[in-house]
Amino acid sequence: MISHLIRIIFFSFWAGCLSAGNAEEIEFFESKIRPVLAEHCYECHNSVNKTKGDLALDYKNGLLDGGETDLGIIPGNPKESLLLKVLKHEIKDLKMPKGGPKLMPNVIADFEKWISRGAFDPRLEPPTEKQLAEETAWEKIRERRKQWWSFK
């Protein structure tokens, strides 16, 4: 009876830890990763109307599968993940975001942290055309930019 009670307590505690971990991973992805992808990457790398380099970054499998060059990311291994190399401008003639400056060091550090923690990504299905349009709408990007330190 006591061992059964101990098991119940253990599994309840373990399930609580998992839920807290998932909530933390969701928050990190939604606040640090998805906004950057939407603002800087979806224009050229989306599954709706443009997959430049055969790479779609708007859903999990597109990111994992990668494109013509290599796998997009290798969860748990940021040093071997092409996306991070490209964001860091480590590959000649393959520097993103295209036409823009290199991302800020703290943003690149967020991607490195995200990949090393397993690259949690809740986007299991490619977005619809409407969902992609909403995600990349100027109004949404403007609201995110209002959070920049320089506007506070």
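Residues numbered from 1 in each chain as written. Predicted model: local features only at pLDDT ≥ 70, side-chain atom pairs only at ≥ 80, totals over all residues. Heavy atoms only, no water.

(A) A look at the packing of aromatic side chains. Throughout the structure, instances matching the rule amount to two aromatic pairs. Ring geometry for Phe29 against Trp114: centres 5.8 Å apart, planes inclined by 40 degrees, an arrangement best described as tilted. On the criterion of sequence distance, the pair formed by Phe29 in helix α1 (residues 2–40) and Trp114 in helix α4 (residues 105–116) is long-range, its members being 85 residues apart. In this structure Phe29 comes out as buried when scored by relative accessible area, which is 0%. (Phe/Tyr/Trp six-rings, centres within 6.5 Å; stacked < 30°, edge-to-face > 60°. Helix = DSSP H or I, 4+ residues; strand = E, 2+ residues; numbered from the N terminus. Buried < 20%, exposed > 50% of the residue type's maximum accessible area, 1.4 Å probe, protein only.)

(B) Summary view of the nonpolar core. Among the nonpolar cores identified, the biggest contains 23 residues, and Ile33, Leu37, Leu57, Ile73, Leu83, Phe111 and Trp114 are the most heavily contacted of them. Breaking this core down by element, the ones donating at least two residues are α1, α3 (82–87) and α4. Top element by residues in this core is α1. It accounts for six residues. Sequence-distant contacts of Leu37, that is, excluding residues within four places in its chain, are made with Tyr42, Leu57, Phe111 and Arg123. (Core = buried A, V, L, I, M, F, W, Y, C linked by side-chain atoms within 4.5 Å. Contact = heavy atoms within 4.5 Å.)

(C) Representation of the state of the cysteines within the structure. The full count for this structure, using the stated rule, is zero disulfides. Here Cys41 is not disulfide-linked; the sulfur of Cys44 is the nearest cysteine sulfur, at 8.9 Å. (Disulfide = S-S within 2.5 Å.)

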